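Topology and contacts: notes
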Amino acid sequence: PKLDFSGRTALVTGAGSGIGAAVARWLDAHGIAALHLVDINAHGIEALALTCEVHAHVHDVSDPQFWGGFERAAGKLDHAVVNAGIGSGGQIAEQSFKDWRRVMAVNLDGAFLTLAAAIRLMRANGRGSAVVTSSITAVKPVAGIGAYGVAKAGVAHMARIAAAENAALGIRVNAVAPGGVDTAIWDAGEAFREAVAAHGREAAIAGMGASHPRGRFATADEIACDIGYLLSDMAANVTGVVLNTDGGYSL
Ligand code: NAD
């Protein structure tokens with residue numbers, strides 16, 4: 001088996017930035033024939049400049065109607081990267097219900113809608129593999145990230161349940177649990193914005209990277225390699241795992 005995706009079609013959500021964009025580029029570099037890229041940010045998808053056939057879907061992953069239409073129109077699907085997500089801050093005792101629901105809608109409901117639609121298309125295809133982007137905060141409880149860690153624990157377990165349900169059908173489902181990755185998701189956080197205002201973005205990222213035994217945050221391209229491996233036929237015997245990719249943060 002090889003890291004060869006020729007003739008294959010993949011779906012990537014959150015493809016307009018960060019890890020999703022890196023996965024789209026990684027799959028393009030590894031010969032994928034066609035990509036369905038989903039993001040609320042059209043510019044991010046347009047900026048990718050890929051060589052494969054691209055179907056851009058500028059939609060919210062938490063919209064069930066979008067997924068109904070996608071399923072009817074998508075055709076053959078071999079791979080899915082269930083990756084769109086937003087950050088959240090605040091302790092459980094201090095988070096508003098509105099904020100809690102907003103994070104659950106995108107990070108948990110959106111992942112459910114994406115994975116369910118993808119698996120139904122893979123069943124019709126007779127094979128396939130999916131990777132869900134969880135987070136190391138699903139494994140290690142980190143204070144002050146509110147709904148985010150709960151939703152990420154939910155999607156990791158969703159991947160394991162879906163793996164159990166589909167292994168006999170030739171469909172694998174895994175998750176990655178990244179530690180800190182240098183992407184735009186951090187820029188929405190209040191504490192991070194304060195650190196950027198005080199010290200600049202590079203120093204703010206480096207400061208948080210110091211909490212990882214490796215000494216720095218990962219790049220989105222590094223996480224794309226992990227996701228690409230799990231999607232590929234090289235991981236043919238791997239299903240239902242949550243791969244920590246965190247520079248030792250969880251140790
Ligand atoms: P990012 O902000 O760079 O990219 C996320 C993308 O998802 C953006 O392009 C955004 O427009 C899109 N998106 C957000 N809400 C959406 C919605 N409702 N519908 C469609 N698209 C939507 O962040 P990233 O770090 O690349 O995040 C990708 C995934 O990785 C997320 O699930 C995130 O929780 C997870 N993750 C990130 C880190 C990190 O440190 N960056 C660590 C662990 C897990």
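Please read all numbers here as calculations on a predicted model, not as lab measurements.

Moving on, we come to the nonpolar core. Formed by 30 residues in total, the largest nonpolar core has its most connected members in L11, W67, F70, L115, M122, V132 and V173. Going through the elements one at a time, α3 (64-73), β4 (79-82), α4 (97-125), β5 (128-133), α5 (146-166) and β6 (171-178) are the ones with two or more residues in this core. Top contributing element to this core by residue count: α4, with 9 residues. Contact partners of V132, with chain neighbours within four places excluded, come to V82, L115, V155, A159, N174, A175 and V176.

Our focus in this paragraph is the sheet that holds strand β2 (residues 34-39). If you trace the 7 strands from one edge of the open sheet to the other, you get β3-β2-β1-β4-β5-β6-β7, paired in parallel fashion. On the outer flanks of this sheet lie β3 (53-58) and β7 (242-245), each paired with one strand and no other. Between one strand and the next, the sheet's axes are offset by a mean angle of 15°, whatever the strand orientation. Two elements, β2 and β3, share 6 bridges in a ladder whose sense is parallel. If you follow A34 over to β3, its bridge partner there is E53. Taken strand by strand, helix α8 (residues 220-231) contacts β4, β5, β6 and β7, and its axis lies near 165° from that of β6.

On to helix α7 (residues 201-209). Within the sequence span of α7, burial applies to A204, I205 and G209. Buried residues of α7, seen end-on, are gathered within an arc of 140° and therefore sit on one face of the element. The elements touched by buried residues of α7 are α6 (190-199).

Looking now at the pairing of β5. Counting buried positions along β5 gives 6 out of 6 residues, so the element sits mostly inside the fold. Here β5 shows a buried face lined by G128, A130 and V132 and a second buried face lined by S129, V131 and T133. Strand direction decides the pairing type here: β5 and β6, joined by 6 bridges, are parallel. Its bridge partner lying in β6, S129 is registered against R172. A crossover links β5 with its parallel partner β6, the connecting element being α5, and its sense is right-handed.

Our next topic: a nonpolar patch on the surface. Taken together, the side chains of L3, Y229 and M234 make up a nonpolar region of the molecular surface, amounting to roughly 250 Å² of accessible area. Structurally, L3 can be placed in the segment before β1 (9-13). Given the relative accessible area of 32%, L3 is considered partly exposed.

Here the focus is the environment of R172. One can find R172 in strand β6. R172 sits in the buried class, given a relative accessible area of 10%. C-alpha separation for the pair R172 and A235, spaced 63 residues apart in sequence, amounts to 9.1 Å. Not counting chain neighbours up to four residues away, the residues in contact with R172 comprise G128, S129, A130, L230, L231, S232, A235, A236, V238 and T239. Looking at R172, its side chain comes within polar contact range of the main-chain oxygen of A235, at 2.9 Å. Here V238 takes part through its backbone oxygen, which lies 3.0 Å from a polar atom of the side chain of R172.

Calculation rules
- Residues numbered from 1 in each chain as written.
- Predicted model: local features only at pLDDT ≥ 70, side-chain atom pairs only at ≥ 80, totals over all residues.
- Heavy atoms only, no water.
- Core = buried A, V, L, I, M, F, W, Y, C linked by side-chain atoms within 4.5 Å.
- Buried < 20%, exposed > 50% of the residue type's maximum accessible area, 1.4 Å probe, protein only.
- Helix = DSSP H or I, 4+ residues; strand = E, 2+ residues; numbered from the N terminus.
- Contact = heavy atoms within 4.5 Å.
- Pairing = 2+ DSSP bridges.
- Axes fitted to C-alpha atoms, helices over the stretch in contact; angles between N-to-C directions.
- Arc of directions from axis to C-beta.
- Right-handed = clockwise from strand over helix to strand, strands pointing away.
- Patch = residues over 30% accessible without salt bridge, like charges linked within 9 Å, V, L, I, M, F, W, Y side chains within 5 Å.
- Areas by Shrake-Rupley, 256 points an atom, 1.4 Å probe, with all protein chains shown as cover.
- Salt bridge = Lys/Arg side-chain N within 4 Å of Asp/Glu carboxyl O.
- Polar contact = N/O pair within 3.5 Å; in protein donor to acceptor, adjacent residues only side chain to side chain.

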